[in-house]
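Structural characterization, general
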2 protein chains.
Amino acid sequence: MSSFQDQDSRPAPKDLTHHFSRTTKARVPSSIKQFYKYFQIPGIGQLAGGLPNQYYFPFDTLEASVARPDRWKPTPNTPVDPPPAADDADVIARLSLQEKKSNKNAVSSTSSPLNQPQDAIRVPHTSSQKDLLKKIDLATALQYGQAQGYPPLYYFIRQFTQNHLHPNCPYKGGPEVILSAGNTDGWSKVLQTFTNEWSEEKDWVRDRDGVLVEHFTFGNAMTAVTPRGLNIAPVAIDDEGMLAEGPGGLRDVLENWDFKKGRRPRLMYTITMGQNPTSGVLSLQRRRDIYELCCKYDVIIVEDDPYWYLQYPTATAKNTTTTFHPSNQDFNPDVPMFANAEPRPAGWKSSGYDFLDSIVPSSIQIDTEGRVIRLDTFSKTVAPGCRVGWITAQPAVIEKIQYITETSTQQPSGFVQSMLAELLLGPDHSGIESGKPKDGKGGLQDGKGWKADGWVRWIEGLRGNYERRMNKMATIIDNGKYLVKSGRRSSLGDDEEEWSVIEKKQIMSFDWPVGGMFLWLKIVFENHPLYSTFKKSSEMERLARALWLFLTTKPYLVLASPGGIFSPSAEIRERDGWKYFRLCFAAVNDDEVEPISHRLVDGINAFFRIKDRKTIEKLLEEEDASVADRVGTVAGVAQMLGPC
Amino acid sequence: MSSFQDQDSRPAPKDLTHHFSRTTKARVPSSIKQFYKYFQIPGIGQLAGGLPNQYYFPFDTLEASVARPDRWKPTPNTPVDPPPAADDADVIARLSLQEKKSNKNAVSSTSSPLNQPQDAIRVPHTSSQKDLLKKIDLATALQYGQAQGYPPLYYFIRQFTQNHLHPNCPYKGGPEVILSAGNTDGWSKVLQTFTNEWSEEKDWVRDRDGVLVEHFTFGNAMTAVTPRGLNIAPVAIDDEGMLAEGPGGLRDVLENWDFKKGRRPRLMYTITMGQNPTSGVLSLQRRRDIYELCCKYDVIIVEDDPYWYLQYPTATAKNTTTTFHPSNQDFNPDVPMFANAEPRPAGWKSSGYDFLDSIVPSSIQIDTEGRVIRLDTFSKTVAPGCRVGWITAQPAVIEKIQYITETSTQQPSGFVQSMLAELLLGPDHSGIESGKPKDGKGGLQDGKGWKADGWVRWIEGLRGNYERRMNKMATIIDNGKYLVKSGRRSSLGDDEEEWSVIEKKQIMSFDWPVGGMFLWLKIVFENHPLYSTFKKSSEMERLARALWLFLTTKPYLVLASPGGIFSPSAEIRERDGWKYFRLCFAAVNDDEVEPISHRLVDGINAFFRIKDRKTIEKLLEEEDASVADRVGTVAGVAQMLGPC
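Residues numbered from 1 in each chain as written. Chains lettered and ligands numbered in written order. Predicted model: local features only at pLDDT ≥ 70, side-chain atom pairs only at ≥ 80, totals over all residues. Heavy atoms only, no water.

Okay, the overall build of chain A next. A count of helical and extended segments in chain A gives 18 helices and 17 strands. Taking all 644 residues of chain A together, the buried fraction comes to 64%. With the model as given, the accessible surface of chain A reaches about 23,500 Å², and the carbon-plus-sulfur share is 51%. (Helix = DSSP H or I, 4+ residues; strand = E, 2+ residues; numbered from the N terminus. Buried < 20%, exposed > 50% of the residue type's maximum accessible area, 1.4 Å probe, protein only. Areas by Shrake-Rupley, 256 points an atom, 1.4 Å probe, with all protein chains shown as cover.)

Quick look at the structure:
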């Protein structure tokens, strides 16, 4: 568990300062640092700071009821609810009947899933602990703090990152961390660190920076890139993620870069685990291929991986196209394998936890040169409202990000930092007078914090729950991906009917999500009866839009994310994006996953039965008429979608 | 209390889009907004978002013990502890003896000032309230949220800002607000909104943006400006703040701008209430003068005012140089006056609160064109660790800042947003079943929230407490500002001695802080016996450094902030900055203010008795030798200074 730094024979990370933006190069340490040593003089009268007095904070203590780490069952690599056989048409038809009956009850029941054992944690106002790495109280957490993070939380994350997440990091000292206000903030800071703003009107084309991204990617990350005037350079993907080789793959993009567009990109934005929106998990072998190219072309890799712990072996077993499971191989935890069924390399250092060992590793674990920057967040493991995450990279990069932090966010909120610290570390018993828990309570029955053990158990439980939801949704969609024209074949008797398949036409296709929170559904629009009446791709986008609208009407009532918003270029959106919907199985309540999935399948089926172009046009006209005056008037609803 | 928007005859704010940076101009609304209306369809199955499920947040409820709004006594415009007469040399000498005795007890007692009535607030996991402006629960607060802020908190702040802080805002609709992660974040976003990054190597000098600032200002704000390659243009100040007229005043700087340095600045960064570091409060008349110049030269005014509510009438009465108190006028709450003794204009709309009416108004209240942007924060009214504040400006500016927020911080932490909302608004009783407070408890005995009344009472109480501390410190320093060479004049008898003044030499000067948290102390180095041995200003800086170091040694043990770090240019630092120390009377505990102030006075007195240059050089040598290896090695100590 100890750091490797003592007898660390790993080589130092590569100097990346030539990649820093002009602004980043101009950033220097705060002049305040010269005073640090004087703060430690015993009894010193501190008139130098610009702080309010801690006794004037109106919050005396913070308390919370919190889950125990074992609240949710981990999936034991076989799902709780095994999916029915996917190609049984009889089952499909019966499911279709059932779902009509259950539609009445489609609105979620509100019985609380929170009737589970819980514990109380408490952050006291003032702790007598002298060691800042152990001190958790409001007097420090609600005061101005250091940009790297609240010391106890920062230290926990740093240890966890170095020892458990990336024990194989190949460079000297291992990576450093700094807390962020979540991954959107992290990406914003990384962009500032490495790219110069560029203006067509003022600057040379040769100075235009660019960002390599997956062919489909997280829209909000691109929204941060575009106003800076940068190129966005999409790279082809498969069901794992970014392609290293082949047409449109990374080598192709870098080798054949068109310098008339700007500099060859030096920064890559990639979501490698539970890719948003496609759900892919990039294998270790693919990571090595991509890494090699990035070394050759001196590209910095930024991994934005909020879903890293959501890797689904049950789905891996369903998919047959991905590199590492040529056969429909079942995951076997006794064989050293990652969750994507890829063999674990010989000599690979253990994280100390079976669960973490089963996770396909971050590229930091093969980052010999220190060119990987990783964005981690508590948004999907605790809650998005935390606005806390951390950035992992070689120390010289973290240092510059710290300077940016000092003049922007300063630190995550002390409310959440102290709560997370108390949850994870527990109260500091050394500060307790004669057994009275004046210093707070931890997140376990015995008054201790979760520690790394509890944390790993918690996220393993979450993985189990999201995996079960994924399987529920994927099963229903898999069973509904064919449009079945059926008729009564024969009457076996007065009381019995039998259904038979007359025609089977594929209307949807997807890979089972091997990670993350999304199912990336491709609609086979070519099989729509009206497809041939839509000539240009811009018109086809309208057909897709009509389906999207149709799904929001009764009785289907389903809101999907149209693929266009995950298309990093207009060209991709027009050519490919409109064919897809991204479905999030994570957000709705557990008992709603199945009814909503059924309604979705029903809706798509019904849409493919529309034979009159006028029906389509009518949907679109109503939309056009009503959008303008309703957009942007609704307070608070952005919350229902998240940053997407 | 209602908004003015219904029959609002005020003119619209001026179009400021020509001021937007290239990046800001390129920012567009999120494509997500097109979906908002669909979120409202009853029973819709939400598969579009990218959110985790709320039941998988490990926090089930948040609770806190909180102060009542009347915990602290407001100062009734006469201080709790009236300062002794300042020019009584006899008192000075006796104080000097007393302080030596009390030095033994200089370390703060830790008896808690928190033994005051408190109440408990509770944020429940799920509230049944449908109205998002009233709903306060973890299911929404810890989920992704909207960039403008958590709806109930955003709405409270917006109402408070429009109706109580700036009821006289002269433009149509009044100002809009957006929550920030505190004022450092707010300033960072404003800088991004209005300035282009500039590079000497790449860009024309004529494109170089600049920022107008006070001659002495908050160093961290300048640290955000410098790496962008911008000019910093200092403007002369007096004890109020920025000067409009006269040499080095705003008109002088703008009229005689040297275009060889870059564009004439279009952005002003100013701290107008309790200026950091000088403590000035800019009068309404001076605001009008500055505003007129800003209209003429099309300058945007950014007010960074964390100390706005800390305006001290007792100090105003002490100072005689400021425009609005030519005579040593006592503050009289029955005469319509601001805290700086300036008459309130006829027809001035009331804020609804006597306390707020007594505060010198923000320039937003005279902002006919909508060119004022104001940064407000909870850092000094609740706690710095909140990392919550808000930006106030005309709506078109707030809209662009919202786009920046959506791709950087997203929103302040939901932990603190829900806690503040619960504290201020109280629980939503409409969601409570048969009287059981399942939806949480408010910050008052009766289970209600503080509301605007409680909030104003709270900050008025804080003002009282900080005003008392200010008076304690200023009194002691005022009494010690002369070096008194004293001797025994005569012996009146065996048991009695009398002290008499032989020589009185001024060694310090300052204006009583009329606002904020700082006393800006000028050291009269010219009266130091060794002054003539320091020839150049760079050497004089060393003399100041020696005093600073001397104060950190026993028995004085005081840490002050050297004036250099508040000097926005090297020239100002070398010419003026070294003559000053900034003293924060806010951060140390109440019972430490007096002993530390005495130690400071003692230390400065003792330093002025040093007659051997070698003693000075020795101090500096020890410093030089030990700094290098100790700087930056201390974890967590940045917290002790804040952002400065």
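Next comes the rest of the account.
So, on to the interface of chain A and chain B. Between chain A and chain B, the contact holds 142 residues from the first and 142 residues from the second. Of the roughly 13,200 Å² buried between chain A and chain B on both sides combined, carbon and sulfur atoms contribute 62%. Along the contact surface separating chain A from chain B lie 4 salt bridges. For Arg71(B), the salt bridge is made with Asp60(A), and the minimal N-O distance between the two is 2.6 Å. Summed over the shared surface of chain A and chain B, the result is 69 residue pairs in polar contact (both at pLDDT 80 or more). Take the side of chain A that touches chain B: its biggest share by element is 9 residues, from strand 2 (residues 59–67) of chain A. Residue composition of the side of chain A that touches chain B, by class: 75 nonpolar, 43 polar and 24 charged. (Contact = heavy atoms within 4.5 Å. Buried area = accessible area lost by both parts, 1.4 Å probe. Salt bridge = Lys/Arg side-chain N within 4 Å of Asp/Glu carboxyl O. Polar contact = N/O pair within 3.5 Å; in protein donor to acceptor, adjacent residues only side chain to side chain. Nonpolar A, V, L, I, M, F, W, Y, C, P; charged D, E, K, R; others polar.)

Here we take up the packing of helix 6 (residues 183–194) of chain A against helix 12 (residues 395–406) of chain A. Residue and element names in this part refer to chain A. Following both chains from N to C, one finds helix 6 and helix 12 inclined at 110 degrees, their axes separated by 10 Å at the closest point. For the element pair helix 6 / helix 12, the angle class is roughly perpendicular. Contacts between helix 6 and helix 12 involve Lys 189, Val 190, Gln 192, Thr 193 and Phe 194 on the former and, on the latter, Val 397, Lys 400, Ile 401, Ile 404 and Thr 405. Each residue belonging to the contact of helix 6 with helix 12 can be placed in one class, and the counts come to 5 nonpolar, 3 polar and 2 charged. (Axes fitted to C-alpha atoms, helices over the stretch in contact; angles between N-to-C directions. Parallel < 35°, antiparallel > 145°, perpendicular 65-115°, else oblique.)

Quick look at the nonpolar core now. Generally speaking, nonpolar side chains in soluble globular proteins are found buried as a group. Counting 296 residues, the largest nonpolar core has Phe59(A) and Phe59(B) as the members making the most contacts within it. Discounting chain neighbours no more than four positions away, the residues touching Phe59(B) are Ala64(A), Ser65(A), Val66(A), Ile121(A), Val382(A), Met419(A), Leu420(A), Leu423(A), His125(B), Leu138(B), Leu142(B) and Phe415(B). (Core = buried A, V, L, I, M, F, W, Y, C linked by side-chain atoms within 4.5 Å.)

Turning our attention to the sheet that holds strand 13 (residues 508–509) of chain A. Residue and element names in this part refer to chain A. Pairing in this open sheet of 4 strands is antiparallel, and the strands run 13-14-17-16 from one edge to the other. Every other strand in the sheet has two partners, leaving strand 13 and strand 16 (561–562) as the edge strands with one partner each. Contacting strand 14 (518–523), strand 16 and strand 17 (580–584), helix 15 (residues 537–551) crosses the sheet at an angle of about 30 degrees to strand 17. On the sheet, helix 17 (residues 593–607) packs against strand 13, strand 14 and strand 17 and is oriented at approximately 10 degrees with respect to strand 14. (Pairing = 2+ DSSP bridges.)

Turning to the sheet that holds strand 16 (residues 561–562) of chain B, a few remarks are in order. All names here are of chain B. Here 4 strands make up an open sheet; going across it, the order is 13-14-17-16 and the pairing antiparallel. A strand with exactly one partner marks an edge of an open sheet, and here the two such strands are strand 13 (508–509) and strand 16. The pairing of strand 16 with strand 17 (residues 580–584) spans 2 bridges and is classified as antiparallel. For Ser 561, the partnering residue across the bridge sits in strand 17 and is Arg 582.

The description of an aromatic ring pair rests on the distance of the ring centres and on the angle between the ring planes. Scanning the model with the defined rule gives 48 aromatic pairs over all chains in all. Arranged with centres 4.8 Å apart and planes meeting at 80 degrees, the rings of Trp72(A) and Tyr56(B) form a pair that is edge-to-face. One end of the pair, Trp72(A), is in the loop between strand 2 and helix 3 (89–102); the other, Tyr56(B), is in the loop between strand 1 (45–46) and strand 2 (59–67), on a second chain. Under the relative-accessibility criterion, Trp72(A) is labelled buried at 8%. (Phe/Tyr/Trp six-rings, centres within 6.5 Å; stacked < 30°, edge-to-face > 60°.)

This part covers helix 15 (residues 537–551) of chain B. An ideal rise of 1.5 Å per residue puts 21 Å on 15 residues; helix 15 of chain B measures up with 21 Å between its terminal C-alpha atoms. Met540(B), Leu543(B), Ala544(B), Ala546(B), Leu547(B), Trp548(B), Leu549(B), Phe550(B) and Leu551(B) are the residues of helix 15 of chain B that are buried. (Expected span 1.5 Å × (residues − 1).)

The step from Asn276(A) to Pro277(A) runs through a cis peptide bond, and the omega angle for that step is 15 degrees. Along the polypeptide, Pro277(A) turns up in the loop between strand 7 (267–270) and helix 9 (284–296). Phi at Gln410(A) is positive, roughly 65 degrees, even though this residue is not glycine. Within the secondary structure, Gln410(A) is located in the loop between helix 12 and helix 13 (414–425). At Lys451(B), a position not held by glycine, the phi torsion is positive, near 60 degrees.

Next up on the list: the packing of helix 13 of chain A against helix 13 (residues 414–425) of chain B. Orientation of helix 13 of chain A relative to helix 13 of chain B, taken along the N-to-C sense of each, is 115 degrees, at an axis distance of 7 Å. Viewed along their axes, helix 13 of chain A and helix 13 of chain B adopt a mutual orientation that is roughly perpendicular. Judged by the twist between their axes, the crossing of helix 13 of chain A over helix 13 of chain B is right-handed. Contact with helix 13 of chain A, carried on its side by Phe415(A), Val416(A) and Met419(A), involves Phe415(B), Val416(B) and Met419(B) of helix 13 of chain B and no other residues of that element. (Left-handed = near helix turned anticlockwise from the far one by under 90°.)

It is worth spelling out the relation of the copies chain A and chain B at this point. Laying chain A over chain B is done by rotating through 180 degrees and shifting 0.0 Å along the axis; what remains is an RMSD of 0.1 Å. Expressed as a symmetry operation, the mapping of one chain copy onto the other fits a two-fold axis. Relative to the rotation axis, the closest C-alpha in chain A is found at Glu63(A), a distance of 2.2 Å. The fraction of interface residues of chain A whose copies in chain B are also interface residues reaches 100%, indicating that both copies meet through the same surface. (Least-squares fit on C-alpha atoms with pLDDT ≥ 70 in both.)

All right, on to the environment of Thr126(A) then. Residue and element names in this part refer to chain A. Here Thr 126 shows up in the loop between strand 3 (118–123) and helix 4 (138–141). Along the sequence, Thr 126 and Asn 319 sit 193 residues apart, while their C-alpha atoms lie 54 Å from each other. Looking at Thr 126, its side chain comes within polar contact range of the side chain of His 125, at 2.7 Å.

So, about the domain arrangement of chain A. Residues and elements named next belong to chain A. With domains assigned, chain A is organised as domain 1 (89–105 + 464–625) and domain 2 (201–376). Of the residues lining the interface, 24 residues belong to domain 1; the matching set on domain 2 comes to 29 residues. Connecting domain 1 to domain 2 are 9 residue pairs in polar contact (both at pLDDT 80 or more). Only helix 14 (451–479), strand 14, helix 16 (570–575) and strand 17 provide two or more residues apiece to the side of domain 1 that touches domain 2. (Domains from an automatic or database assignment.)

Residues and elements named next belong to chain A. Position of Ser 363 relative to the elements: it lies in the loop between helix 11 (354–357) and strand 9 (372–377). Ser 363 gets classed as buried once you look at its relative accessible area, which sits at 4%. Apart from the residues within four sequence positions on either side, Ser 363 is in contact with Arg 287, Glu 303 and Val 372.

All names here are of chain A. Considering all chains together, one arrives at 70 salt bridges over all chains under this definition. Glu 303 is the salt-bridge partner of Arg 374, the closest N and O atoms lying 2.6 Å from each other. Separated by 71 residues along the polypeptide, Arg 374 in strand 9 and Glu 303 in strand 8 (residues 300–304) bring together distant segments of the chain. Just as Arg 374 is buried, Glu 303 falls in that class too.

Turning next to the confidence of the model for chain A. Residue and element names in this part refer to chain A. When the pLDDT values of chain A are averaged, the result is 84; 81% of them are 70 or greater. Here residues 432–437 scores under 50 on pLDDT; set against residues more than four positions off or in separate chains, the count is 5 contacts. Across the assembled chains, the prediction reports ipTM 0.87 with pTM 0.89. (pLDDT = per-residue confidence, 0-100.)

This part covers helix 17 of chain A. What sets the pattern is the α-helix's 3.6 residues per turn: residues three or four places apart point alike. The first and last C-alpha atoms of helix 17 of chain A sit 21 Å apart over 15 residues, in line with the 21 Å expected at 1.5 Å per residue. In terms of burial, helix 17 of chain A is a largely internal element, 14 of the 15 residues being buried.

This paragraph deals with the pairing of strand 4 (residues 176–180) of chain A. All names here are of chain A. Burial within strand 4 is extensive, with 5 of its 5 residues counted as buried. Here strand 4 shows no split at all, with Glu 176, Ile 178 and Ser 180 on one side and Val 177 and Leu 179 on the other all buried. Relative to strand 10 (residues 389–393), strand 4 runs antiparallel, the two being bridged by 5 bridges. Across the sheet, residue Leu 179 finds its bridge partner in strand 10, namely Trp 390.

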